Amino acid sequence: MKSAVETLNPTRVRLTVEVPFEELKDSLDAAYSKINQQVTVKGFRKGKIPARVIDQRFGRGAVLEEAVNDALPKFYTEAVNEAELSPLGQPDVDITELKDGETLNFTAEVDVRPALEIPDYSGIEVEVDAIEVTDEDIEKSVEQLRERFASTAPVERAAEDGDVVTIDLEAKVDGEVLEDGIANGVSYTIGSGELLDGIDEAVKGLSAGEEATFTSELKGGSAAGKEAEVSVKVTQVAKRELPELDDEFAQLASEFDTLDELKADSRKRLANMKEFDQATQAQERVLEKLLELLEVPVPEKLLEDEVNTRKHNLEHHQLGQMGLTLDKYLEIQGKTAEEFEAETREAAVKGIKTQFVLDELVKKEQLNVNQEELTEHLMRRAASSGMSPDQFAQAVVEGGQVPLLVGEVARGKALAVVVEAATVKDSNGEIVDLGDEDEETEAPEAEATEETTEA
């Protein structure tokens, strides 16, 4: 077999392959054997029909077609390996010549990873937010904890903002009560925004036993997205009572004996969170600077696939779980379809470029992934997916996704190398020592393009 490579553009090549006919022998034998098992000819036992009889009865062309279809993937793979290409997706194959007993010639056009020359990144400088935990931050944190330990007490008055009301609901669409449109004994905090639009205005000012009607678009159920007439009856009004901020509260809400100890712990936790956010911010900004240092061409077909994948995942998974349509989501976000399309495409471009660059860095820096690193990454991914580590690991193995996880870890390590070499200062002008923080977070935008960029 002989092959040659023609570069059509930085991300697409054409392979021209010439295969001597004798190299088709194994595929021809397999074709005759397959046809033998599928047909019957009077006078011959099944599976024992001579090749010449098959040629006479069914045509030599049918045999050649079967043999070529069997052989093409093997010869294509050999040509790719010989040229040391990194194909993306499936090739467009065209058989240019097939002469029985002489030769098989074909071409294969395929997208490939662009050749990248990683520049010196040691001069990258970025600024991140300084870590500052204010007294106001502490008070807000403690207040949130206080809210969790609030109690309620029934009151004989009209409902006000912040009250917890017990209500009965009935929803009608086109005058008909929905089968799933009745709910009794629902507890709702006025002003929380956790139920239907318009309910706050409807129940404020009502006392126990009083009713109101309002219209609202249903967020879920059998009539999701439709306008409904909703009747609401208040059966109880309760006032939320917050515990006193003292040492007794600290003992109730935490393992600490005093309020001062609780506040000190809140300060420490908030500082740790801000350190993590700072490390993530450093990663993102270093990555942006790195991408600015080199031109990264993106295959158009790969880009279209990635855009479609992102839109599908949003519409059918994320929004579907929330009971939202794409149109409703865009309305809530205040975006047009054109703006959404542009933003999705921009994010897809960045994701693909990120993966290309970090994969090249993995090769350049000769980075490897050990079992401990892979296990730690798997544990984090399992936690974010809501699955147990065992369930997630089983799904990864059964889906053949282990190489993808290895790639994610390797790209995270590659970005950590760049962050370590960069100069990171906070908004106060102080040098930031990120330590091991950058290895514990994922490479931004590098994960989403896994399935579409692997051949």
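If you look the protein up in an unreviewed UniProt entry, it shows as Trigger factor from Streptomyces murinus. The UniProt entry for the protein carries this comment under Function (unreviewed entry): "Involved in protein export. Acts as a chaperone by maintaining the newly synthesized protein in an open conformation. Functions as a peptidyl-prolyl cis-trans isomerase."

Asker: How should the sheet that holds strand 2 (residues 12–20) be read in this particular structure?
Answerer: Note: strands within a sheet are paired through backbone hydrogen bonds, in either parallel or antiparallel orientation. Read across the open sheet, the four strands follow the order 1-2-4-3; overall the sheet is antiparallel. Where the open sheet ends on each side, the last strands, each with one partner, are strand 1 (2–9) and strand 3 (87–99). Pairwise comparison of adjacent strand axes, ignoring direction, gives a mean angle of 20 degrees for this sheet. Here strand 3 pairs with strand 4 (residues 103–112) via nine bridges, running antiparallel.

Asker: Sorry if this is basic, but what is going on with the domain arrangement of the protein here?
Answerer: Domain assignment breaks the protein into domain 1 (2–111), domain 2 (151–241) and domain 3 (259–426). Relative to domain 3, the C-alpha centre of domain 2 lies at a distance of 39 Å.

Asker: Could you clarify how one ought to interpret the nonpolar core in this entry?
Answerer: For soluble globular proteins, nonpolar side chains are generally found buried alongside one another. Within the largest apolar cluster, 35 residues are counted, with the highest numbers of intra-cluster contacts made by Ile124, Val357 and Leu361. For this core, the secondary structure elements donating two or more residues are strand 5 (125–128), helix 7 (259–292), helix 8 (300–322), helix 10 (337–364) and helix 13 (402–421). The element that contributes the greatest number of residues to this core is helix 10, accounting for seven residues. Val19, Leu24, Ala108 and Val112 belong to the second largest nonpolar core, which has 30 residues in total.

Asker: Got a minute to help me understand the packing of helix 1 (residues 25–38) against helix 3 (residues 60–83) in this structure?
Answerer: Packed helix pairs are characterised by how far apart their axes lie and by the angle those axes make with each other. The N-to-C vectors of helix 1 and helix 3 enclose an angle of 120 degrees; their axes lie 8 Å apart at closest approach. Between helix 1 and helix 3, the crossing angle belongs to the class labelled oblique. The chirality of how helix 1 crosses helix 3 is right-handed. Here Ser27, Leu28, Ala31, Tyr32, Lys34 and Ile35 of helix 1 come into contact with helix 3, specifically with Arg60, Val63, Leu64, Glu66, Ala67, Asp70 and Ala71. Of the residues assigned to the contact of helix 1 with helix 3, the class counts are eight nonpolar, one polar and four charged.

How each quantity is defined
- Residues numbered from 1 in each chain as written.
- Predicted model: local features only at pLDDT ≥ 70, side-chain atom pairs only at ≥ 80, totals over all residues.
- Heavy atoms only, no water.
- UniProt positions renumbered as here; feature names shortened; annotations may be inferred.
- Pairing = 2+ DSSP bridges.
- Helix = DSSP H or I, 4+ residues; strand = E, 2+ residues; numbered from the N terminus.
- Axes fitted to C-alpha atoms, helices over the stretch in contact; angles between N-to-C directions.
- Domains from an automatic or database assignment.
- Core = buried A, V, L, I, M, F, W, Y, C linked by side-chain atoms within 4.5 Å.
- Buried < 20%, exposed > 50% of the residue type's maximum accessible area, 1.4 Å probe, protein only.
- Parallel < 35°, antiparallel > 145°, perpendicular 65-115°, else oblique.
- Left-handed = near helix turned anticlockwise from the far one by under 90°.
- Contact = heavy atoms within 4.5 Å.
- Nonpolar A, V, L, I, M, F, W, Y, C, P; charged D, E, K, R; others polar.

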